[in-house]
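Geometric and topological summary
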Amino acid sequence: MRRAWALRGKQAKVTITGRNAKRVLFGAINLRTGHRLVLRRPNMRQVHFQAFLHLVRRSYPGRRIGLLLDEAPGHLASRSQALAAQLDIVLIWLPKQCSELNAMDQLWRELKGHISANYQYRTIDEHAAAAEEWMMSLTPTAARRKAGILSNNFWLKSFLK
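All values derive from a computational prediction rather than experimental measurement. (Residues numbered from 1 in each chain as written. Predicted model: local features only at pLDDT ≥ 70, side-chain atom pairs only at ≥ 80, totals over all residues. Heavy atoms only, no water.)

A look at the overall build of the protein
Defined as follows: In this description a helix means any DSSP run of H or I spanning at least four residues, a strand means any run of E spanning at least two, and both kinds are numbered starting from the N terminus. With a 1.4 Å probe rolled over the protein chains alone, any residue whose accessible area is under 20% of its type maximum counts as buried; one over 50% counts as exposed, and the rest are partly exposed. Contacts are assigned to residue pairs with any non-hydrogen atoms lying within 4.5 Å of each other. Positive residues here are Lys and Arg, negative ones are Asp and Glu, while His and the chain termini are left out of the count. Every charge is mapped onto a representative atom, which is NZ of Lys, CZ of Arg, CG of Asp or CD of Glu.
When its secondary structure is counted, the protein shows 6 helices and 4 strands. Listing each helix as α and each strand as β along the protein from the N terminus yields β-β-α-β-α-α-β-α-α-α. Viewed in the frame of its principal axes, the protein has a C-alpha envelope of about 60 × 35 × 30 Å. Counting across all 161 residues of the protein, residues that qualify as buried make up 37%. Within the protein, contacts between residues at least 6 apart in sequence are counted, and of these 58% link residues at least 24 apart. Taking the average location of the 27 positive side-chain charges in the protein and that of its 10 negative ones, the two points are 3 Å from each other.

Some thoughts on the packing of helix 1 (residues 46-59) against helix 3 (residues 78-86)
Spelled out, the test is: Axis definition: a line fitted to C-alpha atoms, limited for helices to the stretch in contact. Angles are taken between N-to-C directions and run from 0 to 180 degrees. To sort the angles, those under 35 degrees are grouped as roughly parallel, those over 145 as roughly antiparallel, those from 65 to 115 as roughly perpendicular, and the leftovers as oblique. When residue character is reported, Ala, Val, Leu, Ile, Met, Phe, Trp, Tyr, Cys and Pro are called nonpolar, Asp, Glu, Lys and Arg charged, and the others, Gly included, polar.
Look at helix 1 against helix 3: their axes get within 9 Å of each other, and the N-to-C directions meet at 10 degrees. Taken together, the axis directions place helix 1 and helix 3 in an arrangement best described as roughly parallel. Residues Gln46, Phe49, Gln50, Leu53 and His54 of helix 1 lie in contact with helix 3, whose contacting residues are Arg79, Ser80, Leu83 and Ala84. Residues belonging to the contact of helix 1 with helix 3 are distributed by class as follows: 4 nonpolar, 4 polar and 1 charged.

Quick notes on the nonpolar core
Defined as follows: Among buried residues, those of type Ala, Val, Leu, Ile, Met, Phe, Trp, Tyr and Cys that are joined through side-chain atoms within 4.5 Å constitute a nonpolar core.
Ile29, Leu31, Met135 and Ile149 are the most contacted members of the largest nonpolar core, which totals 23 residues. Of all elements in the fold, only strand 1 (24-29), helix 4 (103-116), helix 5 (124-137) and helix 6 (140-146) reach the threshold of two or more residues within this core. With 6 residues, helix 4 is the single largest residue contributor to this core. Not counting residues up to four positions away in its chain, the partners in contact with Ile149 are Ile29, Leu31, Ala103, Arg144, Phe154 and Leu160. Counting residues in hydrophobic clusters, the runner-up holds 19 residues, among them Phe52, Val56, Leu67 and Ile89.

Let's talk about the packing of aromatic side chains
What counts, and what does not: Ring pairs shown here join Phe, Tyr and Trp side chains whose ring centres sit within 6.5 Å, with only the six-membered ring taken for Trp; geometry is labelled stacked below 30 degrees between planes, edge-to-face above 60, and tilted in between. Lysine and arginine charges are scored as sitting over a ring when NZ or CZ, respectively, is within 6 Å of the ring centre and within 35 degrees of the ring normal.
As enumerated under the stated definition, the model contains 2 aromatic pairs in all. Note on Phe26 and Phe49: the rings are 6.3 Å apart at their centroids and 40 degrees apart in plane angle, and the pair reads as tilted. You can see Phe26 sitting in strand 1 and its partner Phe49 sitting in helix 1, a full 23 residues away along the chain. Between the aromatic rings of Phe26 and Phe52, the centroid separation amounts to 6.0 Å while the plane-to-plane angle is 25 degrees, which identifies the pairing as stacked. Here Phe26 is found in strand 1, whereas its partner Phe52 is found in helix 1, with 26 residues between them in sequence. By relative accessible area, which is 6% here, Phe26 ends up buried. The structure contains a cluster of three or more aromatic residues connected by ring pairs, namely Phe26, Phe49 and Phe52. Here the basic side chain of Arg32 rests over the ring of Phe159, its NZ or CZ set 4.9 Å away from the ring centre.

Structural data, given as structure tokens:
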């Protein structure tokens, strides 16, 4: 919960399920076009990241691809790195604790504010579907704006010219 309201002197009621179900959205944004890819999976294991690598390659056949990544265990796994090399995808490692440099992380933050904050979904799959739908419903320009790519201060601005 980010915020809640209640009558003065009354405790705000926060409904929770008591279950800690989880879904993960793997995602990427094309910095030039705003095209997004999202893949929903049950967790962040390397096999799911590898499925995402295959999706990225299928979506951009014959194109040079570089992915900006944090050092999540599934990204660092030797099999994931070998697959990326086999698929001709260059993995570019962001410095630790620098999520502000990752445009996709800025979109995840926006998504959480619009989809996850202050709302309890009936199921985790319903929640994940709403998140995926929100991400894919953005226009390319809106996605680039929310990701910070259109900012005058975007750190890769010269790369995009």
